[in-house]
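The chain contents come next:
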Amino acid sequence: MKKLQKREKILLVVLLVIVIAVVPFVLLIYPVMQDNAEKERSLAELEASRFEMETQLSVKPTLESALAELKQQYEENGALIPPVMKNYDIHYMVSDICNRAGVTLDSLSIGEYEAVETAGAAEDGQDGEQAQTAFLSHAALQFTVAGNFDQTMNVLEQLYELPYTVVTEFYIDLANPDQPSATSIQLELYAAAQPGDAALDAAAEQAQQEALDAAGAA
């Protein structure tokens, strides 16, 4: 058997040291490190879930208050203003008013319902700007009736009595109040949102997100 030289002995010792140091790391320490890293990831996920749950719990009173406000506004609007009407229902309503007044309905134009725009609140930094409300929408109506002055005024009085219509413009020919004449009337027909409407759902989601954002910022 060949005797090992000094240099070879040194290399052998270094190799044994490397094996002794690396093998336990590969077999024991590295798996433990991997397991610990996985636990740290799980802990981070649990912490994120806990924070989200705490945030949702913290905004629960705010959401309940917003829901109560939405319900109150809906009840107040719903008591006076009907939901969105179909075109044939609008036509029937206008025809019924004209029949009661004794005038003839010559033409009727019905626009699409659109969200009502209101002035932005000053405290929100939106003074003078326009914002849409999810609770009210309106449609523009324009129609022409034929009748004398008293009959036409009766039509206008009936429209003024309805809480969900606003006469924006009208023209009556006053050449001879006793003779039938064509009168043009323009009005806004308002409608209140109903549970399940997309506008209300979007408003609720926005209120929830704003509450969550406020809680996260705090």
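Just so it is clear, the structure is predicted and the values come from calculations on it, not from any experiment.

Calculation rules
Residues numbered from 1 in each chain as written. Predicted model: local features only at pLDDT ≥ 70, side-chain atom pairs only at ≥ 80, totals over all residues. Heavy atoms only, no water. Helix = DSSP H or I, 4+ residues; strand = E, 2+ residues; numbered from the N terminus. Buried < 20%, exposed > 50% of the residue type's maximum accessible area, 1.4 Å probe, protein only. Contact = heavy atoms within 4.5 Å. Areas by Shrake-Rupley, 256 points an atom, 1.4 Å probe, with all protein chains shown as cover. Salt bridge = Lys/Arg side-chain N within 4 Å of Asp/Glu carboxyl O. Expected span 1.5 Å × (residues − 1). pLDDT = per-residue confidence, 0-100. Core = buried A, V, L, I, M, F, W, Y, C linked by side-chain atoms within 4.5 Å. Axes fitted to C-alpha atoms, helices over the stretch in contact; angles between N-to-C directions. Parallel < 35°, antiparallel > 145°, perpendicular 65-115°, else oblique. Left-handed = near helix turned anticlockwise from the far one by under 90°. Patch = residues over 30% accessible without salt bridge, like charges linked within 9 Å, V, L, I, M, F, W, Y side chains within 5 Å.

Each helix and strand in the chain was counted, giving four helices and five strands. Along the chain, helices and strands appear, N-terminal first, in the series α-α-β-β-β-α-β-β-α. Every one of the 218 residues in the chain was classed for burial, and the buried ones make up 21%. Contacts in the chain between residues at least 24 apart in sequence constitute 67% of all its contacts with a sequence separation of at least 6. Taken as a whole, the chain presents about 15400 Å² of accessible surface, with 57% of it coming from carbon and sulfur.

Our focus in this paragraph is the pattern of salt bridges. Overall, the coordinates contain one salt bridge when judged by the stated rule. Where arginine 100 meets aspartate 96, a salt bridge forms, and the shortest distance between an N and an O atom there is 2.1 Å. Pair noted here: arginine 100 and aspartate 96 are both in helix H2 (residues 87–101), with a separation of four residues, about one helical turn. A relative accessible area of 51% means that arginine 100 is categorised as exposed.

Further remarks concern H2. Between its first and last C-alpha atoms H2 spans 21 Å; for 15 residues at 1.5 Å apiece the expected length is 21 Å, and the two agree. Restricting attention to buried positions, one finds in H2 the residues Ile90, Met93, Val94, Ser95, Ile97, Cys98 and Ala101. Where H2 ends, the next residue or the one after it, glycine 102, has phi of about 85°, a positive value.

In the predicted model, the chain carries a mean pLDDT of 75, and the fraction of residues at 70 or more is 57%. In this model, residues 121–130 is a region of pLDDT below 50 whose contacts with residues beyond four sequence positions or in other chains number 12 contacts.

With 25 residues, the main nonpolar core has Phe143, Val155, Leu159 and Leu189 as its most contacted residues. Looking at this core, the elements that each hand over two or more residues are H2, strand S3 (130–147), helix H3 (149–161) and strand S5 (181–192). A total of six residues in this core trace back to one element, the largest contributor, which is H2. If we ignore the near neighbours within four places in the chain, the residues touching leucine 159 are Ile97, Phe143, Thr165, Val167, Ile185 and Leu187.

At a minimum axis separation of 8 Å, H2 and H3 run at an interaxial angle of 135°. Comparing the axis directions of H2 and H3 gives the class oblique. The crossing of H2 and H3 is right-handed. Only Gln151, Asn154, Val155, Gln158 and Leu159 of H3 make contact with H2, whose side of the interface consists of Ile97, Arg100 and Ala101.

Our next topic: a nonpolar patch on the surface. The grouping of Leu12, Leu15 and Leu16 at the surface amounts to a nonpolar patch, some 270 Å² of accessible area in total. With respect to the secondary-structure elements, leucine 16 resides in helix H1 (residues 6–80).

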